[in-house]
Amino acid sequence: MKILFLDQSGKPGGAELCLIDIAKPYCDRALVGLFADGDFKTLLEQNQIPVEILTNQAIAVRKQSNLLQAFASLGQLAPLIAKVVEKAYKYDIIYANTQKALVVGAIASFVTRRPLVYHLHDILSLEHFSKTNLRVAINLANRFASLVIANSQASQKAFVQAGGKPELTTVVYNGFDPKTYQTCDEDIQKLRQQLGLENKFVVGHFSRLSPWKGQHILIEAIAKCPPQVTAILVGDALFGEQDYVQQLHQQIAQLGLENRVKFLGFRADIPQLMAACDLVTHTSTAPEPFGRVIVEAMLCGTPVIAAKAGGAMELVEHGVNGFLVTPGESQELAEVINTCVQETEITATIASQARNIASQRFDVANVNQQIAKSLKVIGDR
Ligand code: UDP
């Protein structure tokens, strides 16, 4: 089966990293068409997945745009749509991995009569999107998609609540190769040394720097923890949230935490960094659609605290394979961090359980089989 994958982003966010794993088994008969250049293209090439940038023009639709802006941007999209249509004739399925890819993919599917699959990596609610964008996404999916793959029950539920047809949906969690998360103790000790983290209790946060990812909540919590508790913030402002980055630096200065919070920027050595942490925290203030970082921490054997909302609640059972805290509550987060500092044995048992459960539950081989089965049904229709 030949698949044309479409993704609007040049930058490797969670949806894009997930797409690498999905496209890999099809690398001899697929193309990933991107609507922007960037590091994601390089990652695809490193994984031997054919990739092409389909437009050099920035697409101006924002998450909060209104109907007029949406229509105006449709005009802008015309050359891209023409290119995707031309490509799509050579493939059996169009696989849209993001919302703008859905818009372009839906039109290409209509013109070429190729079935459309929409991989939904978002919680389609007003917390994250404008009413117009929601309406456009739901209507296009309902009208043109043969299948909507939701990355969690939370994403599926939001899709249906916003008017999406439930019969189109299936839930498939992100897959991971547990081997990628096996690290060598000696390397990890070296890494801690290099980062100046010896004799510290290191709390990691792995996410792009963005207000709803809640790095400020972790910083607030660190101020309430004993002095050996130190944080590393791994990730960059992928979508230009420079004001937030500045706010974080101000907050750190005001709280006198300059020596206890380190910004590491975007990194490719996530398994090593997670293994170098004593704890990983996820602090999103709005419901997380899935939360790859939560599963990755589990696979590294590092205990994880997650914000209790959205997909994170499907991944973590409090006290069994991690900890859940109320989103936005830094006091509660500080208390759980302190428990982990003190109760090392119980915390280690929970982390070890988490690793075992996650290696099976999110095994990329099973996930790819699930997707292959669904695609075959669509292809055979
Ligand atoms: N990530 C990364 N380098 C960084 C920060 C994050 O490779 O410096 C990865 C992280 O390991 C995870 C993904 O980016 O796989 C983020 O996915 P998640 O589902 O947690 O959030 P999203 O970006 O989809 O909102």
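Here we summarise the structure given alongside this text.

### Side note on the overall build of the chain
Line of reasoning, step 1. Summing up its helical and strand segments, the chain has 16 helices and 13 strands in all.
Line of reasoning, step 2. Taking 381 residues into account, the globule formula puts the C-alpha radius of gyration at 21 Å, and the chain, at 21 Å, falls close to it.
Line of reasoning, step 3. Expressed as lengths along the three principal axes of its C-alpha atoms, the size of the chain is roughly 60 × 40 × 35 Å.
Line of reasoning, step 4. Taking all 381 residues of the chain together, the buried fraction comes to 55%.
Line of reasoning, step 5. Counted over contacts in the chain with a minimum sequence separation of 6, partners at least 24 positions apart contribute 69%.
Line of reasoning, step 6. When the accessible area of the chain is evaluated, it comes to approximately 16,600 Å², of which 50% is carbon and sulfur surface.

### Looking at the state of the cysteines
Line of reasoning, step 1. In total, this model carries zero disulfides according to the counting rule given.
Line of reasoning, step 2. Take Cys 184: it sits in no disulfide, and the sulfur closest to it among the cysteines is that of Cys 300, at 14 Å.
Line of reasoning, step 3. Cysteine Cys 277 shares no disulfide, and the gap to the nearest cysteine sulfur, in Cys 300, comes to 9.0 Å.

### Looking at the site of the ligand
Line of reasoning, step 1. Close to the ligand lie 15 residues; Arg 208, Lys 213, Arg 267, Arg 292 and Glu 296 are nearest.
Line of reasoning, step 2. Interatomic distance of 2.9 Å between a backbone N/O atom of Arg 292 and an oxygen atom of the ligand.
Line of reasoning, step 3. One of the side-chain nitrogen or oxygen atoms of Glu 296 is found 2.7 Å away from an oxygen atom of the ligand.
Line of reasoning, step 4. Protein contacts shield 88% of the accessible area of the ligand, which totals 550 Å² for the unbound molecule.
Line of reasoning, step 5. Elements with a contribution of two residues or more to the shell around the ligand: α1 (14-23) and α12 (292-300).
Line of reasoning, step 6. With three residues, α12 is the largest single contributor of residues to the shell around the ligand.
Line of reasoning, step 7. Tallied by class, the residues present in the shell around the ligand amount to five nonpolar, four polar and six charged.

### What to know about empty space enclosed by the protein
Line of reasoning, step 1. A complete count under the given rule lists one cavity of 30 Å³ or more for this structure.
Line of reasoning, step 2. Volume-wise, the largest cavity comes out at about 40 Å³.
Line of reasoning, step 3. Around the largest cavity sit Ile 217, His 282, Thr 283, Ala 307, Val 325, Thr 326, Pro 327, Gly 328, Glu 329 and Leu 333, which together line it.
Line of reasoning, step 4. Looking at side-chain class alone, the lining of the largest cavity contains five nonpolar, four polar and one charged residues.

### Structural notes on the environment of Leu 168
Line of reasoning, step 1. Mapped onto the fold, Leu 168 is located in the loop between α7 (153-161) and β7 (169-171).
Line of reasoning, step 2. Looking at Leu 168, the relative accessible area reads 11%, which means it is buried.
Line of reasoning, step 3. Between the C-alpha atom of Leu 168 and that of Ala 145, which follows or precedes it by 23 residues, the distance is 7.6 Å.
Line of reasoning, step 4. Setting aside chain neighbours within four positions, we find Leu 168 in contact with Ala 141, Asn 142, Ala 145, Ser 146, Leu 147 and Val 148.

### Some points on the packing of aromatic side chains
Line of reasoning, step 1. Scanning the entire structure with this criterion turns up seven aromatic pairs.
Line of reasoning, step 2. Between Phe 290 and Phe 362, the aromatic rings sit 6.2 Å apart at their centres with planes inclined by 80 degrees, giving edge-to-face as the arrangement. Of the two residues, Phe 290 sits in the loop between β11 (279-281) and α12 while Phe 362 sits in the loop between α15 (344-361) and α16 (364-380), which places them 72 residues apart along the sequence. Phe 362 shares its class with Phe 290; the two are buried.
Line of reasoning, step 3. Over the face of the ring belonging to Phe 110 we find Arg 113, whose NZ or CZ atom lies 5.3 Å from the ring centre.

### Concerning the sheet that holds strand β13 (residues 323-325)
Line of reasoning, step 1. Strand order in the open sheet formed by six strands is β10-β9-β8-β11-β12-β13, and the pairing between neighbours is parallel. In the strand order of this sheet, the two ends are held by β10 (261-265) and β13, each with one partner. Put simply, the sheet's adjacent strands are angled 25 degrees from each other on average, direction ignored.
Line of reasoning, step 2. Relative to β11, strand β8 (residues 201-206) runs parallel, the two being bridged by two bridges. Residue pairing in the sheet places Gly 204 in a bridge with Val 280 of β11.
Line of reasoning, step 3. On top of the sheet, helix α14 (residues 330-342) reaches β8, β9 (229-234), β11, β12 (304-307) and β13; it is set at about 160 degrees to β13, its chief contact.

### Brief notes about the layout of surface pockets
Line of reasoning, step 1. Reported here for the second largest pocket is a volume of approximately 340 Å³.
Line of reasoning, step 2. Residue lining of the second largest pocket: 19 residues in total, with Ala 275, Cys 277, Asp 278, Gly 301 and Thr 302 positioned closest to the centre.
Line of reasoning, step 3. Of all the secondary-structure elements, those providing two or more residues to the lining of the second largest pocket are α8 (185-194) and α15.
Line of reasoning, step 4. Grouping the constituent residues of the lining of the second largest pocket by class yields nine nonpolar, six polar and four charged.

Cut-offs applied
Residues numbered from 1 in each chain as written. Predicted model: local features only at pLDDT ≥ 70, side-chain atom pairs only at ≥ 80, totals over all residues. Heavy atoms only, no water. Helix = DSSP H or I, 4+ residues; strand = E, 2+ residues; numbered from the N terminus. Rg over C-alpha atoms; globule rule 2.2 N^0.38 Å. Buried < 20%, exposed > 50% of the residue type's maximum accessible area, 1.4 Å probe, protein only. Contact = heavy atoms within 4.5 Å. Areas by Shrake-Rupley, 256 points an atom, 1.4 Å probe, with all protein chains shown as cover. Disulfide = S-S within 2.5 Å. Near = heavy atom within 4 Å. Polar contact = N/O pair within 3.5 Å; in protein donor to acceptor, adjacent residues only side chain to side chain. Nonpolar A, V, L, I, M, F, W, Y, C, P; charged D, E, K, R; others polar. 1 Å grid on protein atoms, 1.4 Å probe; cavity = no way out; pocket = protein on both sides within 12 Å on 5 of 7 lines; lining within 4 Å. Points joined across faces, edges and corners; volume = space filled by probe spheres on them. Phe/Tyr/Trp six-rings, centres within 6.5 Å; stacked < 30°, edge-to-face > 60°. Lys NZ or Arg CZ within 6 Å of the ring centre and 35° of its normal. Pairing = 2+ DSSP bridges. Axes fitted to C-alpha atoms, helices over the stretch in contact; angles between N-to-C directions.

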